[in-house]
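Residue strings, one per chain:
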Amino acid sequence: VGGAVSGKLYLWQLSTGRLLLAWNGHFRGVTALATVAADGYLVTAGEDAILHVWSFASLLSAAASDAAPPPRALRTWTAHTLSVTDVAVAECGPHSLIASASLDQSLRVWRLADGVRRCLHRVEASAPLTAAAIDPAHRALYAGTSE
């Protein structure tokens, strides 16, 4: 999987290198990609301040048919006001968490599985954020800046 400054997302077949699917995922450049491997999801973030969650099953289905409509995101979160710069995933079955860092100086936490569309938790920083990480045991959340 790859993203471009145009906002396009690309899905390749790893064993052959063949491009399976290209679609418009964001309005501006793609800045971060992460997978929730156990659940089969792709998380994308962009300069458009948007996070999308895509189902790999739906992406593969769209790739298999020329007549299929363009892929639609399973979840879309729009709480950031500036570019999302990084995404981190803490897998935990149906309770997987996603953290997003942004130039708007916030780190936000989202829950993937439930129907909650709003941010679960927000941390404000004193500078634009460029990195996010979650402790594998889900005990800590980390953020980094360029300063």
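Note that the coordinates shown come from a computational prediction; the quantities given were computed from them, not determined experimentally. (Residues numbered from 1 in each chain as written. Predicted model: local features only at pLDDT ≥ 70, side-chain atom pairs only at ≥ 80, totals over all residues. Heavy atoms only, no water.)

1. Some details on the pattern of salt bridges
The criterion, for reference: When a carboxyl oxygen of Asp or Glu is within 4 Å of a side-chain nitrogen of Lys or Arg, the pair counts as a salt bridge. Think of it in three bands: residues with accessible area under 20% of the maximum for their type are buried, residues over 50% are exposed, and the middle band is partly exposed, with areas taken using a 1.4 Å probe on protein chains only.
Summed over all chains, the structure comprises two salt bridges. Glu124 serves as the salt-bridge partner of Arg122, at 2.5 Å between the closest nitrogen and oxygen. Taking relative accessible area as the criterion, Glu124 reaches 46% and is therefore assigned partly exposed. Its salt-bridge partner being Arg139, residue Asp135 comes within 3.4 Å of it at the nearest N-O pair.

2. Description of the confidence of the model for the protein
Formally: Confidence scores here are pLDDT values: one per residue, from the predictor, ranging 0 to 100. Put simply, DSSP H or I for four residues or longer makes a helix, DSSP E for two residues or longer makes a strand, and each gets a number counted from the N terminus.
Per-residue pLDDT for the protein has a mean of 91; in total, 97% of the residues score no lower than 70. Put simply, helix H1 (residues 56-64) is where the protein has its lowest mean pLDDT, 89, and strand S12 (residues 129-134) is where it has its highest, 96.

3. Remarks on the nonpolar core
Considering soluble globular proteins, one finds that nonpolar side chains tend to be buried as a cluster. Our working rule: To form a nonpolar core, buried Ala, Val, Leu, Ile, Met, Phe, Trp, Tyr and Cys residues must be joined to one another through side-chain atoms within 4.5 Å. Note on contacts: a residue pair qualifies if any of its non-hydrogen atoms lie within 4.5 Å across the two residues.
Formed by 14 residues in total, the largest nonpolar core has its most connected members in Val43, Leu51, Trp77, Val87 and Ile98. Mapped by element, the contributors of at least two residues to this core are strand S4 (30-36), strand S5 (41-46), strand S6 (51-55) and strand S8 (84-90). With three residues, the single largest contributor to this core is S4. With near-sequence residues (within four places) excluded, Val87 lies in contact with Ala32, Ala34, Val43, Ala45, Leu51, Ile98 and Ala99. In this structure, Leu21, Val30, Trp54 and Leu59 belong to the second largest nonpolar core, which totals nine residues.

4. Topic: the sheet that holds S8
Selection criterion: What makes two strands pair is DSSP finding at least two bridges between them. Simply put, an axis is a line fit to the C-alpha atoms, just over the touching stretch for a helix, and the angle between two N-to-C directions goes from 0 to 180 degrees.
As summarised here, the arrangement of the four strands in space is S8-S9-S10-S11, forming an open sheet in which the pairing is antiparallel. The sheet is open, and its two borders are formed by S8 and strand S11 (121-124), each paired with just one other strand. In this sheet, neighbouring strand axes are inclined to one another by 15° on average, regardless of whether the strands run parallel or antiparallel.

5. Looking at the pairing of strand S9 (residues 97-102)
In the case of a regular strand, side chains alternate between the two sheet surfaces. Counted residue by residue, S9 has five buried out of six residues, so it is predominantly covered. In this sheet, S9 lies alongside S8 in antiparallel orientation, the contact comprising six bridges. Across the sheet, residue Val89 finds its bridge partner in S9, namely Ile98. Where S9 and strand S10 (residues 106-111) come together, five bridges link them in antiparallel fashion. Looking at the pairing, Ile98 lines up with Trp110 of S10. Taking the residues that link successive antiparallel strands as the turn, the S9-S10 hairpin has three residues, and the phi of Gln105 there is positive, at about 70°.

6. Section: the packing of aromatic side chains
We count it as follows: Pairing of aromatic rings covers Phe, Tyr and Trp, the last counted by its six-membered ring, and requires centre-to-centre distances within 6.5 Å; plane angles under 30 degrees mean stacked, over 60 mean edge-to-face, and any other angle means tilted.
Under the criterion given, the structure shown has three aromatic pairs. Ring geometry for Trp23 versus Trp54: centroids 5.5 Å apart, planes at 75°, classification edge-to-face. With Trp23 in strand S3 (residues 19-24) and Trp54 in strand S6, this residue pair connects regions lying 31 residues apart in the sequence. As far as the burial class goes, Trp23 and Trp54 line up, both buried.

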